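Commentary on secondary and tertiary structure
Here are the chains, one letter per residue:
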Amino acid sequence: MRQPFFASELYRMYVNYAEAQRWKVELISVNENGIGGFKEVVAMITGKGAYSKMKYESGVHRVQRVPETESGGRIHTSTATVAVMPEAEDVDVVIEDKDVRIDVMRASGNGGQCVNTTDSAVRLTHMPTGIVIYSQTEKSQLQNKEKAFRLLRSKLYDIELEKRQNSESEARRSQIGTGDRSEKIRTYNFPQGRVTDHRIKLTLYKIDSIMNGDIYELLDSLIAADQAEKLARLNEN
């Protein structure tokens, strides 16, 4: 997820929702911007039904608000991209040792943070794809390496899934649930207190509770619309 403050707000929204579902949230890596926000944050959510619900969050999220520094009261628009990938099992993706370069280094953080004094951070580079994974949230190099490989497997699995979807034009007819990351899926308008999901044209005027993790109505509506679309396609066939 990218965009200084909005990314951290989205992350908090997802963490609150996940905790209410009694799912486990593991922070993989954080790239901070130094002014209290995130440039990028990677986390792993595990629990029953986690991917089947969270997959609808993939795409471009747009925020509209009046910044505190805006003296003219003009609304500023920015975006954050969310990517949701299923966790791949070892049997789903085979990673050859020769295809991965492993670098270890000291974990780093902004001023005031606890910085490791041992080489516990791990960076994986997957040569065939150019994918780079960085994991530093654990004190143990072994644990960081394990987390990094889990994320690499998921990314490679996601690439394979996307290839399959692209080759099946019928499956691409409905954008609901496909996780097209270039698609603008939702707008968060703070001055009007509304959140609009553009895929199903649903607008809710409870932005504060939504940003605190109350995304039940959004996800339930998306799931219902997706199931209706799939049923309609079955009937057509």
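In the block above lies the structure referred to throughout.
As a starting point, this report considers the structure included with it. Computed from a prediction, not measured in an experiment: that's the story for all the values here.

Quick look at the sheet that holds strand β6 (residues 121-126) now. Strand order in this open sheet of three strands is β5-β6-β7, and the pairing throughout is antiparallel. Edge strands, defined here as strands with exactly one partner in the open sheet, are β5 (100-105) and β7 (131-135). Averaged over all pairs of adjacent strands, the angle between their axes in this sheet comes to 15 degrees, without regard to strand direction. Where β5 lies against β6, six bridges are found, and the strand directions are antiparallel. Across the sheet, residue methionine 105 finds its bridge partner in β6, namely alanine 121.

A separate point is the nonpolar core. By size, the foremost hydrophobic cluster in this structure holds 26 residues, and its most contacted members are Leu10, Met13, Tyr188, Ile210 and Ile215. Residue assignment for this core shows that the elements contributing at least two residues are α1 (4-20), α2 (50-54), β4 (76-82), β10 (202-204), α4 (207-211) and α5 (216-236). If you tally residues by element for this core, the top one is α1, at six residues. Apart from the residues lying within four places of it in its own chain, the contact partners of isoleucine 210 are Met13, Tyr188, Val195, Leu204, Ile215 and Leu218. Grouped together as the second largest cluster of nonpolar side chains are 17 residues, Met44, Ala88, Val93 and Leu151 included.

Turning to the packing of aromatic side chains, a few remarks are in order. One pass over the full model with this rule turns up three aromatic pairs. Seen in terms of ring centroids, phenylalanine 6 and tyrosine 188 are 5.3 Å apart; in terms of plane orientation they differ by 70 degrees. Their pairing is edge-to-face. Here the residue phenylalanine 6 occupies a position in helix α1, and tyrosine 188 occupies one in strand β8 (residues 184-189), the gap between them amounting to 182 residues. Judged by relative accessible area, which is 0%, tyrosine 188 ranks as buried. A ring pair is formed by tyrosine 17 and tryptophan 23, whose centres lie 5.6 Å apart and whose planes are at 80 degrees; its orientation type is edge-to-face. Tryptophan 23 matches tyrosine 17 in its accessibility class, with the two residues each being buried. Through successive ring pairs, a cluster of aromatic residues spans Tyr17, Trp23 and Tyr216. The ring of phenylalanine 190 has arginine 65 sitting right over it, with the charged end atom 4.2 Å from the ring centre.

We note that arginine 22 has phi near 65 degrees; this positive angle belongs to a residue other than glycine. The residue arginine 22 is located in the loop between α1 and β1 (24-32) in this model. Using a relative accessible area of 78% as the deciding quantity, one classes arginine 22 as exposed. In this model, lysine 201 sits at a positive phi of 55 degrees, which is unusual for a non-glycine residue.

Take the sheet that holds β8 next. Spatial strand order, β4-β3-β8-β9-β10: five strands in an open sheet with mixed pairing. Looking at the sheet topology across the chains shown, the edges are occupied by β4 and β10. Between one strand axis and the next, the sheet turns by 15 degrees as a mean value, whatever way the strands run. The sheet contact formed by strand β3 (residues 59-65) and β8 spans five bridges and is parallel. Bridge assignment links valine 60 to a residue of β8, and that residue is lysine 184.

Conventions we followed
- The numbering scheme is per chain: residues are counted from 1 as the chain's sequence reads.
- Only residues with pLDDT of at least 70 are given local features in this predicted model, and only at 80 or more are side-chain atom pairs given and counted; all residues enter the totals for whole chains, interfaces and linings.
- To obtain the side-chain values, all non-hydrogen atoms of the structure were included, while hydrogens and water were left out.
- Two strands qualify as a pair provided DSSP detects at least 2 bridges between them.
- For the purposes of this entry, the term helix denotes a DSSP run of H or I that reaches at least four residues, the term strand denotes a run of E that reaches at least two, and both are numbered from the N terminus.
- Axis definition: a line fit to C-alpha positions, over the contact stretch in the case of helices; interaxial angles, taken between N-to-C directions, run 0 to 180 degrees.
- Throughout, nonpolar core names a set of buried Ala, Val, Leu, Ile, Met, Phe, Trp, Tyr and Cys residues whose side chains join them through atoms within 4.5 Å.
- Only protein chains enter the calculation, and the probe is 1.4 Å; a residue is then buried if its accessible area is under 20% of its type maximum, exposed if over 50%, and partly exposed in between.
- Any two residues whose heavy atoms approach within 4.5 Å at even a single point are treated as in contact.
- Centres within 6.5 Å are what make two rings of Phe, Tyr or Trp a pair, Trp counting through its six-membered ring; a difference in plane orientation under 30 degrees is then read as stacked, over 60 as edge-to-face, and the rest as tilted.
- Two limits define a charge over a ring: the Lys NZ or Arg CZ must be within 6 Å of the ring centre, and within 35 degrees of the ring normal.

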